[in-house]
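In case you want the letters, here they are:
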Amino acid sequence: MTIVRTPLVVGNWKMNGAFGANQSLLENLLRGLVQKRLPEIGVCPPFPYIAQVGALLANTPIVWGAQTVSEHRAGAYTGQVSAPMLKELGCTYVIVGHSERRQYCAETDDAVARQAVAVLDSGLMPIICVGESADEEATGQTLAVIDRQLAPVLLALAGVADEGTTVVIAYEPVWAIGTGKTPTPEGVQAVHAHIRKRLDAAGLVQTRILYGGSVKGSNAELLFALPDVDGGLIGGAALDAQDFSTICTAAANRMV
Ligand code: PGA
């Protein structure tokens, strides 16, 4: 089997946006993406803007997704949004297990695994986030934390995965998110190589591993040149059309 991992850049808008601002951001971004060779590109706006973003991005090289999802398909779950609903909105990706969801919404490793399965069941692609906190990093627990977070996901996927199953893993050290700090390139590569080993053992050899946490136009090239970094999950810089398109160009350079 040939292993092809198309580089992927996904913008996580978090709880940012407004109709006017979304439109100008996307128009500027599309104008900035002039090069012929592009990576796969997605943006994940808050739920209320998914339909607008979908309408603006139809027939463009950019696809869209959501930032979280219910593990349930339908029913009495006030305030939740299901994967079939996101499918109807034309989503391609759903981010699950972002550290802000784990932290502020008490999402557990098991709940994240159930969400990933719900996403796959609806024919969408989960982007499953893992990553250690500052304390865990300082006490040398990074790989153990990642193993703990990945374990229920890999177990759940073993039950549902087939050759066509596509999941994406995003390694996001919590201490690097929104802080301007990033691990050293060697540090990023070491964690990605560890995740790759786990994915290979689970038969998920095509899985892309994104790096997230303070990726900017100025450091993307260096990070995306690492052998096991297949692209990025971008927060703050995804709200700046110029920075985001520079990041997309850096990911495209992996293809040449
Ligand atoms: P950041 O966020 O790029 O603003 O650090 C990344 C993320 O939270 O996905």
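The rules we used
Residues numbered from 1 in each chain as written. Predicted model: local features only at pLDDT ≥ 70, side-chain atom pairs only at ≥ 80, totals over all residues. Heavy atoms only, no water. 1 Å grid on protein atoms, 1.4 Å probe; cavity = no way out; pocket = protein on both sides within 12 Å on 5 of 7 lines; lining within 4 Å. Points joined across faces, edges and corners; volume = space filled by probe spheres on them. Helix = DSSP H or I, 4+ residues; strand = E, 2+ residues; numbered from the N terminus. Nonpolar A, V, L, I, M, F, W, Y, C, P; charged D, E, K, R; others polar. Near = heavy atom within 4 Å. Polar contact = N/O pair within 3.5 Å; in protein donor to acceptor, adjacent residues only side chain to side chain. Areas by Shrake-Rupley, 256 points an atom, 1.4 Å probe, with all protein chains shown as cover. Pairing = 2+ DSSP bridges. Axes fitted to C-alpha atoms, helices over the stretch in contact; angles between N-to-C directions. Contact = heavy atoms within 4.5 Å. Core = buried A, V, L, I, M, F, W, Y, C linked by side-chain atoms within 4.5 Å. Buried < 20%, exposed > 50% of the residue type's maximum accessible area, 1.4 Å probe, protein only.

Undergrad: Explain the layout of surface pockets to me, and be specific about the residues and the numbers.
TA: A volume near 290 Å³ is recorded for the largest pocket. Looking at the largest pocket, it is lined by 14 residues, and the ones nearest its centre are Lys14, Met15, Gln67, Glu100 and Arg101. Ranked by residue count, the leading element in the lining of the largest pocket is helix 4 (residues 99–104), at three residues. Here the second largest pocket is characterised by a volume of approximately 190 Å³. For the second largest pocket, the full set of lining residues is Phe47, Thr68, Val69, Ser70, Glu71, His72, Gly79, Gln80, Val81, Arg101, Glu107 and Gln115. Here the residues of the lining of the second largest pocket are counted per class, giving three nonpolar, six polar and three charged.

Undergrad: Please give an account of the site of the ligand that cites residues and values.
TA: Near the ligand there are 13 residues, and of these Lys14, His98, Glu172, Gly178 and Ser214 occur at the shortest range. Separating an oxygen atom of the ligand from a side-chain N or O atom of His98 is a distance of 2.7 Å. Gly236 places a main-chain nitrogen or oxygen 2.8 Å from an oxygen atom of the ligand. Summarising the interface, the protein chains cover 96% of the accessible area of the ligand, which totals 280 Å² for the free molecule. Residue classes in the shell around the ligand are distributed as four nonpolar, seven polar and two charged.

Undergrad: Could you give an account of the sheet that holds strand 2 (residues 40–44), with specific residues and numbers?
TA: Within the closed barrel, the eight strands sit side by side as 1-2-3-4-5-6-7-8. Their pairing is parallel. Strand-to-strand twist of the sheet, defined as the mean angle between neighbouring strand axes without regard to direction, takes the value 25°. Relative to strand 8 (residues 231–234), strand 1 (residues 8–12) is paired through four bridges, and the arrangement is parallel. Within strand 8, the position partnered with Leu8 by the bridge is Gly231. Relative to the sheet, helix 8 (residues 185–201) contacts strand 5 (125–130), strand 6 (168–171) and strand 7 (208–212), its axis offset from that of strand 7 by approximately 150°.

Undergrad: Tell me about unusual backbone geometry, and please be specific about residues and values.
TA: The backbone of Asn59 shows a phi angle near 60°, a positive value even though the residue is not glycine. The topology assignment puts Asn59 in the loop between helix 2 (50–57) and strand 3 (62–66). A positive phi angle is found at Ala106, which is not glycine, with a value near 55°.

Undergrad: Describe empty space enclosed by the protein, listing the residues and the values that go with them.
TA: Summary: where empty space remains is shown by rolling a probe the size of a single water molecule over the atoms. Taken as a whole, this structure holds one cavity of 30 Å³ or more when the rule is applied. Its boundaries defined by the atoms lining it, the largest cavity holds a volume of some 30 Å³. Around the largest cavity, the lining residues are Gly97, Ser99, Arg102, Cys129, Val130, Gly131, Gln149 and Glu172. Those elements giving two or more residues to the lining of the largest cavity turn out to be helix 4 and strand 5. Its residues assigned to classes, the lining of the largest cavity shows two nonpolar, four polar and two charged.

Undergrad: Let's hear about the nonpolar core: which residues, and what values?
TA: Residues Val43, Leu86, Ile195, Phe224 and Phe244 are the most contacted members of the largest nonpolar core, which totals 63 residues. Top element by residues in this core is helix 10 (residues 241–252). It accounts for six residues. For Val43, the residues in contact, after removing those within four places along its chain, are Gly11, Trp13, Leu26, Val53, Leu57, Ile62, Val63, Trp64, Gly65 and Phe244. Among the nonpolar cores identified, the runner-up in size contains twelve residues, and Cys44, Ile95, Cys129 and Ala170 belong to it.

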